[in-house]
Amino acid sequence: AQSVTQPDIHITVSEGASLELRCNYSYGATPYLFWYVQSPGQGLQLLLKYFSGDTLVQGIKGFEAEFKRSQSSFNLRKPSVHWSDAAEYFCAVAPSYNTDKLIFGTGTRLQVFP
Amino acid sequence: KAGVTQTPRYLIKTRGQQVTLSCSPISGHRSVSWYQQTPGQGLQFLFEYFSETQRNKGNFPGRFSGRQFSNSRSEMNVSTLELGDSALYLCASSHGTSGNNEQFFGPGTRLTVL
């Protein structure tokens, strides 16, 4: 069965530091992969997605992610974190090509210190 | 254009009651998906509707049902509420015309079952 693992439940970084959030997936074929962000009391906002092609994808708010098939990973990165990036981040995989159904990881809560 | 709207934003019910949640997708979107978010289980897919037809369903008991209207608005119903149904219910909409469209999430309905 398809699954998504986010090994880090909680990450704390200082403002201006770099960030990498880990995501590993289990999927037989080439997956469709997504990163979403959720601020407290809010819905989910799409940061970026990977369908095919260039394995390094750029997203909004200065985020990028790299798809590595050999490692079954899709890690999210940002070179310099801002205090407003504090939120919960979810990695997701689409298990089928003809549905919008997403399987989400358990999320990583990011805390940013000034 | 207006985003995905969900009503009501907050609900308090007691065990055994039933509840109906509403989701209005972005204009022009034909696919609506529902997710349940809890601290213990995370984000779990409930069901997806496309052009008034259920296209996919998650592993939830039959107490959870949904429907979609001709204007793409969707409702989900939970009958015989249990304490464990307390959660944030999120809906998302997309064009739904091909696999893995970008989904836009609403702010959610926070359901509390007492």
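In case you missed it, the structure is sitting above this.
A brief report on the enclosed structure follows. (Residues numbered from 1 in each chain as written. Chains lettered and ligands numbered in written order. Predicted model: local features only at pLDDT ≥ 70, side-chain atom pairs only at ≥ 80, totals over all residues. Heavy atoms only, no water.)

1. Notes on the state of the cysteines
- This structure, assessed with the given rule, holds 2 disulfides over all chains.
- Linked covalently through their sulfurs, Cys23(A) and Cys91(A) form a disulfide whose S-S length is 2.0 Å. Its torsion about the S-S bond being -65°, the disulfide of Cys23(A) and Cys91(A) is classed as left-handed. On the criterion of sequence distance, the pair formed by Cys23(A) in the loop between strand 3 (19-21) and strand 4 (24-26) and Cys91(A) in strand 10 (residues 87-94) is long-range, its members being 68 residues apart. A single burial state applies to Cys23(A) and to Cys91(A), both of which are buried.
- Here Cys23(B) connects covalently by a disulfide to Cys91(B), the sulfurs 1.8 Å from one another. Residues Cys23(B) and Cys91(B) are joined through a disulfide that is right-handed, its torsion about the S-S bond being 65°. Here Cys23(B), found in strand 3 (residues 19-24), pairs with Cys91(B), found in strand 9 (residues 87-94); they are 68 residues apart in sequence, far enough to count as distant.
- Accessibility expressed as a relative area gives 0% for Cys91(B), which makes it buried. (Disulfide = S-S within 2.5 Å. Helix = DSSP H or I, 4+ residues; strand = E, 2+ residues; numbered from the N terminus. Buried < 20%, exposed > 50% of the residue type's maximum accessible area, 1.4 Å probe, protein only.)

2. Some points on the pairing of strand 5 (residues 32-38) of chain A
Residue and element names in this part refer to chain A.
- Most of strand 5 is tucked away, with 7 of its 7 residues classed as buried.
- On strand 5, burial covers both faces: Tyr32, Phe34, Tyr36 and Gln38 on one face and Leu33, Trp35 and Val37 on the other are all buried.
- Relative to strand 10, strand 5 runs antiparallel, the two being bridged by 7 bridges. Residue Leu33 lies in a different strand from strand 10, and its bridge partner there is Val93. (Pairing = 2+ DSSP bridges.)

3. Some remarks on the interface of chain A and chain B
- Taken together, the contact pairs 21 residues of chain A with 23 residues of chain B.
- Approximately 1700 Å² of surface area, both sides summed, lies buried where chain A meets chain B, with 48% of it carried by carbon and sulfur atoms.
- When the buried area of chain A at its contact with chain B is split by residue, Leu44(A), Asp100(A) and Lys101(A) rank highest and sum to 34% of it.
- If you list the elements that add at least two residues to the side of chain A that touches chain B, you get strand 5, strand 6 (44-50) and strand 10 of chain A.
- Tallying contributions element by element places strand 5 of chain A first for the side of chain A that touches chain B, with 4 residues.
- For the side of chain A that touches chain B, the class distribution of residues is 11 nonpolar, 7 polar and 3 charged. (Contact = heavy atoms within 4.5 Å. Buried area = accessible area lost by both parts, 1.4 Å probe. Nonpolar A, V, L, I, M, F, W, Y, C, P; charged D, E, K, R; others polar.)

4. Observations regarding the sheet that holds strand 7 (residues 64-68) of chain B
Residues and elements named next belong to chain B.
- The 4 strands are arranged 1-3-8-7 in an open sheet whose pairing can be described as antiparallel. Looking at strand neighbours, the two that pair on one side only are strand 1 (5-7) and strand 7, the edges of this open sheet. Along the sheet, successive strands turn relative to each other by an average axial angle of 20°, direction set aside.
- For strand 3 and strand 8 (residues 74-78), the ladder comprises 5 bridges, and the chain directions are antiparallel. Across the sheet, residue Val19 finds its bridge partner in strand 8, namely Val78. (Axes fitted to C-alpha atoms, helices over the stretch in contact; angles between N-to-C directions.)

5. Quick look at the packing of aromatic side chains
- Evaluation of the coordinates by the stated rule reveals 16 aromatic pairs over all chains.
- Aromatic pair Phe104(A) and Phe105(B): ring centres 6.4 Å apart, planes at 70°, arrangement edge-to-face. Of this pair, Phe104(A) sits in strand 11 (residues 103-104) while Phe105(B) sits in strand 10 (residues 104-105), on two different chains. In this structure, Phe104(A) and Phe105(B) share a single accessibility class: buried.
- Seen in terms of ring centroids, Tyr35(B) and Phe105(B) are 5.7 Å apart; in terms of plane orientation they differ by 45°. Their pairing is tilted. Placement of Tyr35(B) in strand 4 (residues 31-38) and of Phe105(B) in strand 10 is noted, with a sequence separation of 70 residues between them.
- Overall, the relative accessible area of 0% leaves Tyr35(B) in the buried class.
- Take Phe105(B): its relative accessible area is 10%, and that puts it in the buried class.
- Feature note: the residues Tyr32(A), Phe34(A), Tyr36(A), Phe51(A), Phe90(A), Phe104(A), Tyr35(B), Phe45(B) and Phe105(B) constitute an aromatic cluster, connected by ring pairs.
- Directly above the ring of Phe50(B) sits Arg55(B), whose terminal nitrogen or CZ lies 4.5 Å from the centroid. (Phe/Tyr/Trp six-rings, centres within 6.5 Å; stacked < 30°, edge-to-face > 60°. Lys NZ or Arg CZ within 6 Å of the ring centre and 35° of its normal.)

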